[in-house]
Structures are given as structure tokens and as C-alpha cells.
Amino acid sequence: MAAVKASEARGDSPLLRAVELSRVIAGEGAGAGPLPSADLAGILVSNLCFAHNSPSLWKLLGQAVASRLLCPLHVLALLTPRVLPQRRAQPEAYRLYLELLKCHVTSSLLSMEAGPNRDKIGKSIAEALQLSKVYGFSGTEFGHVVIMFVLAVVNKLIDSILEDCGFPSAMAEGQESVYATDGPQPMDLDVKRGSTENQNEHREQLRRKNTLMALDVLHMMAADRKIQSFLRLIFLNIFSAVYIGIVIGLSKFAKQTINQITNAFWVFLVIWDPWLPSGQLTWSWEALCWIIFDIYVENAIDGRHLSLISAIGIIKEMTKTMQVLNEASWQETFKALWISALRLVQRAREPLEGPIPHLDARLCMLLSLIPLAVAEILQEESDMLGAEGNKILPQRQGLISSLQDLIQYSGLLVPPSSVVNAANAAASKAAIFKANYKTGVGNSSLMDQTDSSMKAGPLIDALVATPASSVAELDKLYSIATNGSEEEKTAAAKILCGASLVRGWNIQEHVVGMVVKLLSASLPSVSSTSTPGSMSHYLAHMSTLNEILLGVSYGDAIHILSLYGMVPDVAVALMPLCEAFGSIAPPPNHKSTILGETSVYSVFSCAFLCLLRLWKFYRPPQEYCLAGRGGSVKLELTLDYLLLMRNNRIEFSNSSAPNRDSYNNMGSVNEVPAQPIYIDSFPKLRAWYFQNQACIASTLSGFCNKNPVHQVANKILNMICRKMNKSGVSSSNLSSTSSSSVSGSSVSASDDSCQRPAVPAWEFLEAVPFVLEAVLTACAHGRLSSRDLTTSLRDLVDFLPASLAAIVSYFSAEITRGIWKPVPMNGIEWPSPGASLHSIEAEVKEILASAGVQINSCYPRGVPPMLPLPMAALISLTITFKLDRSLEYIHRVIGQALENCAGGSSWPSMPIIGALWTQKVRRWHDFIVLSCMLCPFGRDKDAVHVAHPKLLLVLSAVFTQWDSITNQGLRLPMAPGFIYLRTCRTFHDTYFISEVILKQVIEWAHKLANGWSFNGPPQLKSGRTPLSCAASMAHQVALLGGGLLCVAGGPLVVQVLYEETLPTLLLSAREQSLKDPGPVSSTLQGYAMANMLFYSGSLLWLADRTDPVMKLSFLWRRPRVVRNHMDFIAGVLDGHILLGCDPGTWKAYVSQFMFLVVKFVPSWLRDIKLETLKKIAAGLRSWHEHDLALSLLERGGPQAISVVVETLL
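Residues numbered from 1 in each chain as written. Predicted model: local features only at pLDDT ≥ 70, side-chain atom pairs only at ≥ 80, totals over all residues. Heavy atoms only, no water.

Under an unreviewed UniProt entry, the name given to the chain is Mediator of RNA polymerase II transcription subunit 33A, and the source organism is Miscanthus lutarioriparius.

Encoded structure:
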């Protein structure tokens, strides 16, 4: 300071004084430290504020900054907390501070070399602005300090302007005050002092000018590209939640202020909050951009595949995702969702009659699941933005407008004839509810009758067939079902599991929770299932449980429960029932369970078969094989996985009890128990589970005669052979050729009680596989006729219907082993399909030919068709059952098992099965034909080679006639879209589907490019397809391809697409048909590839705010999959990997994929390594994609902040 004062005394100019200052610093050598000097900045600013507050010192400070003696950020950081609070007392100093800020905050002098000096300056900046106290910032990286400096300065400037304009400050609580104070120290001006009044007037004018200049500086900072990037870094990576409140406060302020102030502030609002509207979108894509809704809802209605995740959560996230991806308004989004649901129901206007109903599930999707999903979207909006008076929020307004628009689609609003009465009843309920809601009157129609109706049979039947009208009625029924007498409990349970469960759309989510809880509401703990007292407790509730189980097993009930994501909870509720009732022996006089009487065996069988419907217990061994990449070929459900899903849901519920997910917002009756459940808690069920897996995996091993299981098997053989003993066939004769060495003496047929094994169901089931091996081996060796074999199997099922599980598992495994000789289905030994076989085969060929798929005939005329012995025995058994509602729980297991057995065998057996069932139930003809249509796609083990050309032809037709997915339903002839949706999940190995669909998308992009280039005469350019239209169509095709891929294989196939299929296609040489495609075709192909890859991932992984169960199922794969693919892109851009595709295709692919990720799912980038992001950004900059490269790094998380700052500086 002595040198500064001496130079000032000599009258040197600021430049000379700065030179003198630099000479003094250089003369002091190492002791002064490197430049820019942190100590010198502290000395100058401390003297300037305000001991030696003079214009000459301000000029010296500015010249020192320009000469790089001082760091501009450091000087401004030291001045800001000193000058801003004194801006009214020191308007001259405030003006000079603003001038200095305007000149240097966006200058190119901000960069510094890394080293101890930069770290020292960064630490001094953080201390001067109190970043740790105000923002909780404790970092030391210079890049972080720079953006926090910008944040602090902008924030303090905004607070100062707000106060100077007479508005309350938007300063967050705890920040240091910047309110101006009037102090006594005027600046030492180098002019003669005038009068006090003139001086005060001059200073007041200066204060007003300072406010306008502060606005000008703020506007200048907002327009600067570097400042914008710094603020985006803060919003995206550090303090986004904090500044939502600031944005809301500033928006209120901006709407009340003059235009100049408003414009300046709205610039910052747009930078900080990318959710603010920048204008209404006036364009929209074709209807294909919403086809994802149609694909999902149609796929969800396929009852062959149960879902573990609530459709409510999936639809909610999918709706939000599609609204963002399509950049559409909420009115357009909700309208598309409603139309997709209405089309879903209309496609079943003339439903095919068959064993699998699906209309109730379709109406559930339209009238319950989608409204609940929309309600959750609106609730999220209300929670986030709040409600101000009677103001309607944007999403709610979009919903209202979308419902009003539906009046244009009168054809879709007409209900199918089969549900007109139910639709009218629902409309009446809605009208009554609306009227009662306005008048405050409750609805007590059922409640008034309930107490007096529990013992009236006809009235109970009427209540079963009529859905409840309110939750209050349900609560009363639930109370009776849990606290009434035994007869009342049974009646109430029957009513709850009737129409209220299947068609009570306005209260269905509550019924679902009640039914699941009723299965375990009054049962003892799991640990006490083996005690005598608990057994009597189970027996006391046997009739009530039987009604619940029969109700759950009927119609679409299980499917509807799965649509609500209740499959894991149902499994957990059924397991203790199976464990308990399977451990109780039946009475000695027990004869048959099929007669309709409630018994231990009937309750166990119903519960057990219902449990088995929840997963594919009969899957043949190849379903569990390992693919070359070390994982399962398919994501098939197992009992272990069901328990894992349920326990993870419990863990999430316990860890976030105050903020329960919407899944549990179905009323208090649907509260999830607090304790996890493991299969080890059920030793009998666990033993059968492992025995069943062993039976599927390998043949049975021999047992000694003294084995208890063997002894039970002998008793079962004696029982089922009692009718055959009269004709000279005994159990000992059957067992003589059995590899399991089952043997024993025959028992007199006159003593039935001795022939029937009165053992618990678990012991019975354990012995059934050995019985099956004995009778099947005897039949193969001619010791047992086919008719006697069928009769014995039917007797086995009549005695214990749960035996059907062992029969299905054993026969399914034996069919795939191929060790049994085929038998002729000639009508003599085995039932004959007759002429129906060739008729069905011809119809299947005709349907597939309409989609371009040609198949050969497998059954020459004049030769009786053949089936493997286990398959012939299984189909012969199934056609003996009557179509009775009381046997619904048996039919559901049989039907799906037959289809899967036929699909798991290389033998063309499905048409024979269909022909036999057509002869039994002729009205099922069309349904059976459609089921037989699946067999050419999934029958062959080598699905990659056999099904590839068939799938290619179907997909080609799908892309050509994509509207067939939305318009035509399940009727003959079947459209290509539905052929794909019904067959895509029948392949044993679905990996190759990603390649087939991707190549179809590329081929279509090539065709669209050729249409733009060569459509019409060369001289007539007006005949060309517009390039923008071609690009939009390529986008739509890619979206369709992504949706079809997700339906086919789910997360595994999408993972293959990211990690294998697309990289391999980019690395390999171009196909002959696509060589030299031209620049337009190359670009369009890369564009389509990027779109398909992105949409397949975003549709599967959805948004970041997801149900924990969805995370467990899907999202855990996303970080690794995306990271691996990004590493591949970086390796190519870095020159370490050589490509085989066209360079234009590669450039278009990378640019488009990065653009989509940055714009729609920036959270994906936080899992990517920093080096990978830097390599990709460098590659984009080499293509002159500077803005995209910067945006990529900005969204890379806190790890990338320093890289972005250094790049900009």
C-alpha cells in the first residue's frame, strides 16, 4: 500500500500505478506468491471498503484485474458482501461495483491454471461469500466454486433489486441479509462539494440509476452462454429443489412488475426451471405415436401371463412418459389413453366363446385401472403445485377437456351387447352417486338388506350377481365376513367374491384388498400351522375359505387380481392354507372331492391349484436352461420370485411408512403385513416344491419297498385299480414293469375303505409321481389299456383334485424327454380327432397365409395322427371333465397346461388337442383355432432358425398394417398385429427378436428415404415425399418397433438390443441390399436406430419416480445396460473400435441418441463414467455439435461440473 500511495502522490495514471504494483510484487520474489495474487486482492479490497474509498483506488483495482494481477472472481467475491449492504450509503461504490461486475463476470480472464494458488483463491471466494453457511457447500474444486459464485452473486443481485423496487426479498431463510443500510461515510469524491441538498438529490438519482443498471447487468448475465450453463449446472446437479421455491416466488413478482423487469426475470425463470411453458405446441404426430397404449393394454389382457406389478402404476408412468416423449398436451395424452381403452373393449364386442373369458378384464382396464392411474397423476400434480382456491390445475383441465372430446367418438362409447346391462347399472350408480353427493344423502340399498339377507338363499344369489354400490357397503360386508356367525361369514364371503370383485368397477380396488385379506384375516400364525389347536381353527373356517377360493378361481378373478399387482400377496395368503389343509388327513369314508362337498381335500385342492396358477409350475426343463450370456433365457415366474417381490414390497413399506406408495392407498383393509415370508416357513410346501422341480429336471429314482412314500403309492394304486381288479388287472401287475419298483399285493375290491389312503394331501401328492410312472409304464408295455389308464387318472383326480398338479408336471416333463413311443389317435385305443383335425389345420394355414406365413401340413389324410403316450394320456384325461362352474379351478390349470405342453414339444400336437376339444365343445371352435395358431411359432426347439422367417413375415405385415393392432380384435381372420402379440412370447429363446425388429425398422427407414429421393419423375420434385414427413414416419416406425420389442421379451431382450444386437449391427459390414444407400438413407437409418433404441429403453424403464416393485423388476438393469452401451459409443469415437456401417449412419445415430437422452432422460447420464462422457462430448464437438456436447456434460452429475466449467472458461 505504501507503493500505491507513493504512486498516487506522484500523480501517476492507473496504468502506471498498476505497472508499479506489478514491479513491486515481482521484486519481492517468491515471498509474494504466484499471480494472480490472493493476498493483494484482500489488501486492496479491505482498504477500498471503506477506509480509503476513492475513485483512484477503484481505477487501480480495475487496472490490476485487467493486468491479471488479480483474479476477477476473487475481487468480485470480496466486494459483493461489502458493497451490496452499503449500496444506499455508498451509491458511488455500488455503481463502480456494477461496472466492474459487468466488465469481468463474463470475461475470458476467469480461467486459471490448476495448482495451490487456484485452490487458495477458491477457498477465499467460498469464505467471502459464506458458501458453506448459506448453501451448505463445502467443496474445494474450483469448478464448483465458480458456479456457486455465480449463484451467490445472482441471488444477492435479485434480492437487492427486489428491495430497491419495494418488493419483499426472495432470499431463503438463513442467508446473510443484503438489505441496504444508510451509513455516514460518503465516498471521497475528487470534486468540490456542493450543497447538501444538491448532493442528496444527486445521490438519490444515482441510487435509481443503480437499480436500472443492476437490472441491465442481470439481463446481461442471463444472456451470457457461460452464465446460463453455470446456472443449469446448479439446477440439474445441486440445488434444483431449493430453487423451485425461488422460481415460484419470482414468478409471482414478475407478473406484477413493469415490462423491463419482467423480461429480465423471466429469462432467469426459463434458465432455472425447464418445466415452465415456452408456448403451446401447435403440432402433433400421427395416431401411431400413441400405439404404445394399445399394445400395452392388449398385452395386459392376455390372461396366460400374469403380472406381478400393478397396472395402475405402469399406466401412470407410461402416460407421463408418453406425454413427455410425444411433447403433447395433457388433453391429447388423456384422450389417447381413453381411446385406447375404449378400443380395447370394442375389440371384444363379439367375443370368441372359450374357456378363458376376457371381457371382464377389459372392462376392468377401462372403468377401474385407467381411472385410478389418471387419479394418481392428478394427485401428484396437486401435491406438487397445490390448489389455489377454485383454480383448475393443467392436468385436471386436460382430463376434463379429453373427456369432453370423447363425445366425437360415439361408436366407441356404445358398450358391447353382452355387457349392456352392466353398463346401464354402472351408469345408474354414477347418476345416483352424483345426486346423493349434491344433497349429502348416503346410499344404503344393500346395507339395509345385509343383516336380514345372510340366511336367504335366493337373495344371497341376487347379491352375488349384483356389485356393491359403495365402499360403505363393502365395509359392512367385510365386517360380517370377519365377525359374523359361520353361516353369515360364508354368505358375506360369497357375496364379496361375486360381481363386486369382477364388475364392481367403482369399488374394485377395495374389493381386491378385502378378498386378499380375507384369505388370511382370521387364520393363526404361520409358526403354529402344525399345532393341534391351529388345525381345529382352520377346520372351523373351512366353509368360508372354500367360498373365497371358489370365487377367486372363477372367471377373470385371478387375472383381475394380477392387474392390481396382488399376485405376490395372493401367493402369501394361499401358502399357509395349503400348508395347513395339506397336513390334515381326510375322514376314512372320504370317496370323491368332485361331488361338491366341502372337505379338507377340496379346500386344499382349490387353494393349491389356485396357488399353482400364479406361476408356471409345469415348465419343461429347457425353460430353465442358461443362455450363452450366463442368464436365464426367459423371465418366468417362480414361487421364490413371488416371495422375493412381496418381501421387497414389505421392506419398502416399512422404510417409508409416512409416504406409502399409491399401491397401498386402497383403504385400511389392504395394509401389507409387516413381516416377510419365506418358503422355509412351510416345510410341507417346500418339500413338494423341490420334489416337483426334481421331477421336471430328471427321471424318478428307485425306492425300496419299506419307504413310506412307496407304501402310500401302493395304496393309491390299489384304489385306482379297484375297478380293474375284476378284469384281472392288479396293482402288482402294473408295478412289475415300473422303474420305480412299486409293488404290493392286491386288496379285495369289496373293501373300499381299505383301498382309499386316508393320508394328508402332502403325503398323497408326494407319492403321485411314482403312481403315474407305474401306470404309464404299464400302458406302454400293454399291461394296461388306454381306457383303463384314462379311468385311473380320472379316479385319481376325483379323489384329490390337487393330484392334477403332479399329473401335469410329470407328463410335461416326460413329453419333452422324448422317450415314450407315439400312439395312434384312431378312435379305437385313443380318441380320434376325426375330420375336425384337417378342418382346423386348414383354418390355421389360411390365417397365417393372410399374414404372409406359409406352413406345411403335418397330418396326411388316410393316416391316423400320432401323439406321444404322455400327451395322449393327458388330453384323454382332460376331455373327461364336465364344463361345470364348480370345476373352474381345475379347468384353468388343465387348459393352460395343455397349451404349454403342446408348445414345449417338437411334436405337432396342438391341432389334435384342438380337434378333440372342438368335438367336445363345438361353440369353442374359433377360440381353439386361434390357440392352434400359436404352435408353428413356438413348437420347434431351434426357434431361431425355424421361427425367424415366419416372424419376419409377420413383422413386415405388422409394420405395413399397424392399425390392425388398434382396430381389429380377436376374430377370424386374425390381423398381423394380433398374430404377433399372441405369438411373440411363445418362443423358447426370444433374443433374436431384437435383431429381427431392428432390421425391419432399418429397412423401413431405407424405404422412406428412397420414397423421398425417387418418388415420381426426376423433373417433378412435387411428387416427392417431404423429408420432414419421411423423418416423422421413421420416428413412428421406430416407436412401434420399440413397443413390439418390449412386449416380446421385456427387460432381457431390451438388454440384448443395447449390449449386443445394435453394436454388432454397427460393427458388421452393410448388407448387400443396403450398400451405397446414399446420404439421406444413411442418415435416416441412423436416426431410426437411435429412436428405437431409446424408446425401447424408456418405455421399459419408464420414469425415475417408480414403484419399488417396478425397480426390482426392471430398473435395476438400466444403469449397467446404458453404461455399457455408452462405453461402446465412446470407444468408437475414441478410435479404439472400428465400424463397418456407413459413417453417415453412425453420426446420425450417435447425435440423435444423445439428443434424446439429454432432452428426455438426463438422469441416465449420472450413471455414466466421466471419462466416457468426455470422450463422447469430444466426438460431438468434432462434428460441430457444440451445444449438444455441452448439454451432455451439464447433465453428467456433480462429477462433470468441473469439466464443464473448465471447458467454458
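Having seen the model, we can carry on.
**Considerations on the overall build of the chain**
Helix and strand counts for the chain come out as 57 helices and two strands. The buried share of the chain, taken over its 1209 residues, is 56%. Excluding contacts between residues fewer than 6 apart, the proportion of contacts in the chain whose partners are at least 24 apart in sequence is 78%. A total of about 48,700 Å² of accessible surface is found on the chain, and carbon and sulfur atoms cover 55% of it. (Helix = DSSP H or I, 4+ residues; strand = E, 2+ residues; numbered from the N terminus. Buried < 20%, exposed > 50% of the residue type's maximum accessible area, 1.4 Å probe, protein only. Contact = heavy atoms within 4.5 Å. Areas by Shrake-Rupley, 256 points an atom, 1.4 Å probe, with all protein chains shown as cover.)

**A few points about the pattern of salt bridges**
In total, this model carries 32 salt bridges according to the counting rule given. For lysine 102, the salt bridge goes to aspartate 216, with nearest N and O atoms at 3.2 Å. Highlighted residues: lysine 102 in helix α6 (residues 91-104) and aspartate 216 in helix α10 (residues 196-223), separated in sequence by 114 residues. Note on lysine 102: relative accessible area 35%, which makes it partly exposed. Of the charged contacts in the structure, one is a salt bridge between lysine 316 and glutamate 317, with a shortest N-O distance of 4.0 Å. The exposure classification of lysine 316 matches that of glutamate 317, with both residues buried. Look at the salt bridges and you will find they share partners, linking Asp294, Glu298, Arg343, Arg347 and Arg362 into a network. (Salt bridge = Lys/Arg side-chain N within 4 Å of Asp/Glu carboxyl O.)

**Overview of the packing of aromatic side chains**
Here the distance between the centres and the angle between the planes together describe a pair of aromatic rings. With the rule as written, the count across this model stands at 22 aromatic pairs. When the ring of tyrosine 601 is compared with that of phenylalanine 764, the centres are 6.4 Å apart and the planes differ by 65°; the resulting orientation is edge-to-face. Of this pair, tyrosine 601 sits in helix α31 (residues 600-612) while phenylalanine 764 sits in helix α37 (residues 761-780), and the two are 163 residues apart along the sequence. Given a relative accessible area of 0%, phenylalanine 764 falls into the buried group. With a centroid separation of 6.1 Å and an interplanar angle of 35°, the aromatic rings of tryptophan 1146 and tyrosine 1149 are classed as tilted. Taken together, the positions of tryptophan 1146 and tyrosine 1149, both in helix α54 (residues 1143-1160) and three residues apart, correspond to about one turn of that helix. Exposure remark for tryptophan 1146: the relative accessible area of 6% places this residue in the buried category. Ring pairing ties together the aromatic residues Tyr1058, Phe1094, Tyr1095, Trp1101, Phe1128, Trp1146, Tyr1149, Phe1153, Phe1160 and Trp1164, which thus form one cluster. (Phe/Tyr/Trp six-rings, centres within 6.5 Å; stacked < 30°, edge-to-face > 60°.)

**Structural notes on helix α9 (residues 142-164)**
Look at α9: 33 Å from first C-alpha to last across 23 residues, which is about the 33 Å you get at 1.5 Å a residue. Counting buried positions along α9 gives 22 out of 23 residues, so the element sits mostly inside the fold. Phi turns positive, to about 90°, at glycine 166, one or two residues after α9. (Expected span 1.5 Å × (residues − 1).)

**Remarks on the environment of alanine 585**
Take alanine 585: it is sitting in the loop between α30 (567-581) and α31. Alanine 585 sits in the partly exposed class, given a relative accessible area of 38%. Sequence separation between alanine 585 and valine 600 is 15 residues, and the spatial gap between their C-alpha atoms is 7.5 Å. In this structure, alanine 585 is in contact with Ala758, Val759 and Pro760, ignoring residues within four places of it in sequence.

**What to know about helix α26 (residues 508-518)**
Burial analysis of α26 places ten of its eleven residues in the buried class, which makes it a mostly covered element. Looking at α26, one finds that the buried residues are Gln508, Glu509, His510, Val511, Val512, Gly513, Met514, Val515, Val516 and Leu518.

**Some points on the packing of helix α15 (residues 311-325) against helix α51 (residues 1079-1101)**
Taken N-terminus to C-terminus, the directions of α15 and α51 make an angle of 150°; their axes are 10 Å apart at the nearest point. One finds that α15 runs roughly antiparallel with respect to α51. In contact with Thr321, Met322 and Leu325 of α15, α51 contributes Phe1094, Tyr1095, Ser1098 and Leu1099. Within the contact of α15 with α51, the residues separate by chemical class into five nonpolar, two polar and no charged. (Axes fitted to C-alpha atoms, helices over the stretch in contact; angles between N-to-C directions. Parallel < 35°, antiparallel > 145°, perpendicular 65-115°, else oblique. Nonpolar A, V, L, I, M, F, W, Y, C, P; charged D, E, K, R; others polar.)

**Notes on the side chain of glutamate 473**
Inspection of the secondary structure assignment puts glutamate 473 in helix α23 (residues 471-483). Residue glutamate 473 is classed as buried on the basis of its relative accessible area of 2%. Of the polar contacts made by the side chain of glutamate 473, one reaches the side chain of serine 469; its length is 2.7 Å. (Polar contact = N/O pair within 3.5 Å; in protein donor to acceptor, adjacent residues only side chain to side chain.)

**With respect to the nonpolar core**
Burial of nonpolar side chains together is a common tendency in soluble globular proteins. By size, the foremost hydrophobic cluster in this structure holds 357 residues, and its most contacted members are Leu79, Tyr97, Phe608, Tyr1149 and Phe1153. With 17 residues, the top contributor of residues to this core is helix α50 (residues 1027-1067). If sequence neighbours within four positions are ignored, phenylalanine 608 has contacts with Cys578, Leu685, Trp688, Trp762, Leu765, Ala802 and Ala805. (Core = buried A, V, L, I, M, F, W, Y, C linked by side-chain atoms within 4.5 Å.)

**Section: the state of the cysteines**
Tallied over the entire structure, the rule returns zero disulfides. Cysteine 606 takes part in no disulfide bond, and the closest cysteine sulfur, belonging to cysteine 610, lies 6.5 Å away. The buried category is assigned to cysteine 606, whose relative accessible area is 1%. (Disulfide = S-S within 2.5 Å.)

**Overview of the side chain of aspartate 302**
Tracing the backbone through its elements, the reader meets aspartate 302 in the loop between α14 (291-300) and α15. Judged by relative accessible area, which is 5%, aspartate 302 ranks as buried.

**Details of the packing of α30 against α31**
Where α30 meets α31, the axes come as close as 9 Å, and the angle between the chain directions of the two elements is 145°. For the pair α30 and α31, the sense of crossing is left-handed. On α31, the residues touching Ala571, Leu574, Met575, Leu577, Cys578 and Phe581 of α30 are Val600, Val603, Phe604, Ala607, Phe608, Cys610 and Leu611. Tallied by class, the residues present in the contact of α30 with α31 amount to 13 nonpolar, no polar and no charged. (Left-handed = near helix turned anticlockwise from the far one by under 90°.)

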